[in-house]
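# Overview (structure and organization)
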Amino acid sequence: MYLQAFIFAGIVCLICQVVLDNTTLTPGHITSSVTVIGALLSFLGIYDKIVACFGAGATVLIANFGHMLYSAGLAGYEESGILGFFSNMLCSSGIAIVSVVVFSFVFTLVFKAKD
Amino acid sequence: MNKDEYQKLVKKLSPKEPKLRNAIIAFLVGGFVGFIGEVIVNILMESFGLARVDSYAWLAFILILFATFMTAVGKFDNWVQKAKCGLIIPTTGFAHSVQSAALDYKRDGLITGIGANVFKLAGSVILYGIVSAFILIVIKVVLYG
């Protein structure tokens, strides 16, 4: 599993780096596209299999964010309809958003920007 | 000198990106992040008895804590400069973009500085992630029930 995680995460980063170097896209374009691709793979039912095969190699990527949004939203819809769809979507990816906001706010108050 | 000639000159004089080297570094660093993630997940499962899904959530938490802290200390910017996509594509890139935007705009104050700019770069990931997931769920529900 360690080797699979290494190779999968490495290859995704390699592809993104090749795209970044050979086009005029910025890192912002690439990360957004990878997130959308993650949601799309989740929609096609592939991302669960990728996580089962490559473990943390797949969950450390930003594509996992799209996957979590899609699967949590769909689970919410199946549980309690349209309201569940909207209220559940950020359920599992909330950990990323909330933790990043809290940590960066605290650290920003404590540390200074270096130039 | 017309525009085309100027473009050619700019292309000739601007330093070439070492593409092969960038790609190899991105592969090694990105792979290393995946490998470390797997190590952390296994430690969490074995030592703390967590389920695999919970370990993945904790892993995201740990990576974000690490990346925001290293960015705040000032180390992470140099690493991203060198490793590029190796650190941008994992969750660390998301955390790095939020933290560096917050630090850069700190001098503009709490509301118009940090508050207004904290999602300046990461906002597109959140926006397009949610919109695409929304559309795909609607398609799934309408077409497949």
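Description of the structure in this document. In this text the structure is predicted, and so the values were computed from the model without any measurement.

### Concerning the interface of chain A and chain B
- In this assembly, 63 residues from chain A lie in contact with 67 residues from chain B.
- Between chain A and chain B lies a buried interface of about 5500 Å² when both sides are counted; carbon and sulfur atoms form 80% of it.
- Broken down residue by residue, the surface that chain A buries against chain B is led by Tyr2(A), Phe6(A) and Val60(A), which jointly contribute 12%.
- Where chain A packs against chain B, one counts eleven residue pairs in polar contact (both at pLDDT 80 or more).
- With 16 residues, helix 1 (residues 2–22) of chain A is the largest single contributor of residues to the side of chain A that touches chain B.
- The residue inventory of the side of chain A that touches chain B, partitioned by class, reads 46 nonpolar, 14 polar and three charged.

### Some points on the environment of Val41(B)
- Mapped onto the fold, Val41(B) is located in helix 2 (residues 19–48).
- Accessibility expressed as a relative area gives 0% for Val41(B), which makes it buried.
- C-alpha of Val41(B) to C-alpha of Arg52(B): the two residues are eleven residues apart in sequence and 7.3 Å apart in space.
- Beyond its immediate chain neighbours, meaning those up to four positions away, Val41(B) contacts Ala56(A), Arg52(B), Ser55(B), Tyr56(B) and Leu59(B).

### Considerations on the pattern of salt bridges
Residue and element names in this part refer to chain B.
- Taken as a whole and assessed by the stated rule, the structure comprises two salt bridges over all chains.
- Notably, a salt bridge pairs Arg52 with Glu38, separated by 3.6 Å at the nearest N-O pair. Of this pair, Arg52 sits in helix 3 (residues 52–73) while Glu38 sits in helix 2; the two residues are 14 residues apart in sequence, bridging distant segments of the chain.
- Since its relative accessible area comes to 28%, Arg52 is described here as partly exposed.
- A salt bridge links Arg107 to Asp108, with the nearest nitrogen and oxygen atoms 3.7 Å apart.
- Its relative accessible area of 70% is what places Arg107 among the exposed residues.
- What makes Asp108 partly exposed here is its relative accessible area of 36%.

### Some thoughts on the packing of aromatic side chains
All names here are of chain A.
- Inspection of every chain in the model, using the stated rule, returns 16 aromatic pairs over all chains.
- Ring geometry for Phe43 against Tyr70: centres 6.1 Å apart, planes inclined by 90 degrees, an arrangement best described as edge-to-face. Of this pair, Phe43 sits in helix 2 (residues 27–43) while Tyr70 sits in helix 5 (residues 63–88); the two residues are 27 residues apart in sequence, bridging distant segments of the chain.
- A residue is classified by how much of its surface remains accessible, and Tyr70, at 3% relative accessible area, is buried.
- With a centroid separation of 6.4 Å and 25 degrees between ring planes, the pair formed by Phe103 and Phe107 is classed as stacked. Of this pair, Phe103 and Phe107 are both found in helix 6 (residues 94–110), four residues apart, which corresponds to roughly one turn of the helix.
- Look at Phe103 and you get buried, because its relative accessible area is 15%.
- Here Phe107 falls in the buried class, since its relative accessible area comes to 13%.

### Some thoughts on a nonpolar patch on the surface
- Together, Ile82(A), Phe86(A), Leu127(B), Tyr128(B), Val131(B), Phe134(B), Ile135(B), Val138(B), Ile139(B), Val142(B), Leu143(B) and Tyr144(B) line one region of the surface with nonpolar side chains, adding up to about 1200 Å² of accessible area.
- For the nonpolar patch, the secondary-structure elements that each account for two or more residues are helix 5 of chain A together with helix 8 (123–144) of chain B.
- Counting residues per element, the nonpolar patch draws most heavily on helix 8 of chain B, at ten residues.
- Along the chain, the position of Val138(B) falls in helix 8.

### With respect to helix 7 (residues 110–117) of chain B
- When helix 7 of chain B is considered as a whole, its buried residues turn out to be Gly113(B), Ile114(B) and Asn117(B). The buried residues of helix 7 of chain B occupy an angular sector of 105 degrees when the element is viewed end-on, so they sit on one face. Opposite the buried face of helix 7 of chain B, by more than 90 degrees, sit the exposed residues Leu110(B), Ile111(B), Thr112(B) and Ala116(B).
- On its buried face, helix 7 of chain B is in contact with helix 6 of chain A together with helix 6 (91–104) of chain B.

Cut-offs applied
- Residues numbered from 1 in each chain as written.
- Chains lettered and ligands numbered in written order.
- Predicted model: local features only at pLDDT ≥ 70, side-chain atom pairs only at ≥ 80, totals over all residues.
- Heavy atoms only, no water.
- Contact = heavy atoms within 4.5 Å.
- Buried area = accessible area lost by both parts, 1.4 Å probe.
- Polar contact = N/O pair within 3.5 Å; in protein donor to acceptor, adjacent residues only side chain to side chain.
- Helix = DSSP H or I, 4+ residues; strand = E, 2+ residues; numbered from the N terminus.
- Nonpolar A, V, L, I, M, F, W, Y, C, P; charged D, E, K, R; others polar.
- Buried < 20%, exposed > 50% of the residue type's maximum accessible area, 1.4 Å probe, protein only.
- Salt bridge = Lys/Arg side-chain N within 4 Å of Asp/Glu carboxyl O.
- Phe/Tyr/Trp six-rings, centres within 6.5 Å; stacked < 30°, edge-to-face > 60°.
- Patch = residues over 30% accessible without salt bridge, like charges linked within 9 Å, V, L, I, M, F, W, Y side chains within 5 Å.
- Areas by Shrake-Rupley, 256 points an atom, 1.4 Å probe, with all protein chains shown as cover.
- Arc of directions from axis to C-beta.

By themselves these figures say nothing about function.
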